[in-house]
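# An overview of the molecular structure
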Amino acid sequence: MAWSLARPRQLAVVVLVLLVLTFAGIFRIRAETDFTRNFRRSSEVVVAYNFVEERLGGVGTMQLDFSAPDGLTPELADRLRKLEARLREIPNLTKALGLVDVIDFFDVGAVGTLSRWMGPQASLASKLWVLRQQRPDLVPTFWNEKEKRMRVMLRAREQASSDVKQELMAAVSRIGREVLDRPQAPADVRVTGLYPLLNHLVSGLMSDQLKTLLLATAAVFSIMWLALRSLRLAIVGLVPKLGPILMVLGAMGWLGVPIDMGTPMIASVSVGISVGFSIHYLYRFRQERLAGVPFDQALRATHRRVGGAMVFANLALVVGFAVLDCRTSSRPFTSASW
């Protein structure tokens, strides 16, 4: 405090530089959609995820949903084969399975020879009839005849950044439209499933929490204005609330630390937690000034009386939030636990 009072210009330059770096870092920040980043690499959850990602084709599941008004025709079957061939070339997309894959299992041995004699349309109809007799639950999995919709089931690697996931879903949608759309008859391609849902959930949560942070700031400002009965002191009180939060977010952007679902929640909570400290400090400072104490001496007196209490109260909050650090068991993942 003594250094700040003696060097106001140098302090203003430092604050200005920090603000520029902070806002530049905020624009560099990225979202984290990988669930396993919330746990230690040795935890059972991460080891289990790695097992599925490496050996079973990935945890992420999604569907390419599109309209099929004429049902499964030979022409649509050819389009689906081409579609799946192109989808399997996309990085991070490990599996693609549709109704045409099930149909193609019939084209072996004597059954395949007989189907070729029958012609494409009759062969396809006979295969669907056999499927409905043997596995009545299989065809509805890929084809909703009532709604005239069909889908291809996809599997992707979940442990990827938000940008990679967005590019993957955009590539799936683009290829779907290129292959399935016909002149004057768009296929109404949609990418659905848990994979895009979780990815959009994080983005939506961050947007909502930003609105919550702004709303909490406005509410805190109003409360301080009423409590201190001073617009200027209320504005000053916002600096120690928003400043550290924005600086942390800016530092995360520069250091490449992604923002996850918990970060914006803690940011809005921090505003509410610190409001008591600001009101207590500014109220004491205001009392000193009303008593006729000079500005510098009023600051020193306020520091002596409430500074220690604020430091220890904040340390208690730091220790309390530190318990959120995940410390799960490092017991190795085995086939028995799977």
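Structure shown above.
A brief report on the enclosed structure follows. (Residues numbered from 1 in each chain as written. Predicted model: local features only at pLDDT ≥ 70, side-chain atom pairs only at ≥ 80, totals over all residues. Heavy atoms only, no water.)

Our next topic: the environment of Asn50. With respect to the helices and strands, the residue Asn50 is situated in helix H3 (residues 44-55). For Asn50, a relative accessible area of 22% corresponds to the partly exposed category. Once the C-alpha coordinates of Asn50 and Thr36 are considered, the two residues, 14 residues apart in sequence, prove to be 9.3 Å apart. (Helix = DSSP H or I, 4+ residues; strand = E, 2+ residues; numbered from the N terminus. Buried < 20%, exposed > 50% of the residue type's maximum accessible area, 1.4 Å probe, protein only.)

Further remarks concern the packing of helix H2 (residues 8-26) against helix H11 (residues 231-255). At their nearest, the axes of H2 and H11 sit 7 Å apart, and the two run at 60 degrees to each other. By the angle class used here, H2 and H11 are oblique. Crossing handedness for the pair H2 and H11: left-handed. Across the interface between the two elements, Leu18, Leu21, Thr22, Phe23, Ala24, Gly25 and Ile26 of H2 pack against Leu246, Met247, Leu249, Gly250, Gly253 and Trp254 of H11. Here the contact of H2 with H11 is composed, by residue class, of nine nonpolar, four polar and no charged. (Axes fitted to C-alpha atoms, helices over the stretch in contact; angles between N-to-C directions. Parallel < 35°, antiparallel > 145°, perpendicular 65-115°, else oblique. Left-handed = near helix turned anticlockwise from the far one by under 90°. Contact = heavy atoms within 4.5 Å. Nonpolar A, V, L, I, M, F, W, Y, C, P; charged D, E, K, R; others polar.)

Time to look at helix H4 (residues 74-87). The terminal C-alpha atoms of H4, which comprises 14 residues, lie 20 Å apart, in line with the 20 Å expected from a rise of 1.5 Å per residue. Those residues of H4 not exposed but buried are Leu76, Ala77, Leu80, Leu83, Glu84 and Leu87. Projected down its long axis, H4 shows its buried positions confined to an angular sector of 120 degrees, all on one face. Looking at the packing, one finds that the buried side of H4 touches strand S1 (60-67), strand S2 (93-97), helix H5 (99-104), strand S4 (149-156) and helix H9 (162-180). (Expected span 1.5 Å × (residues − 1). Arc of directions from axis to C-beta.)

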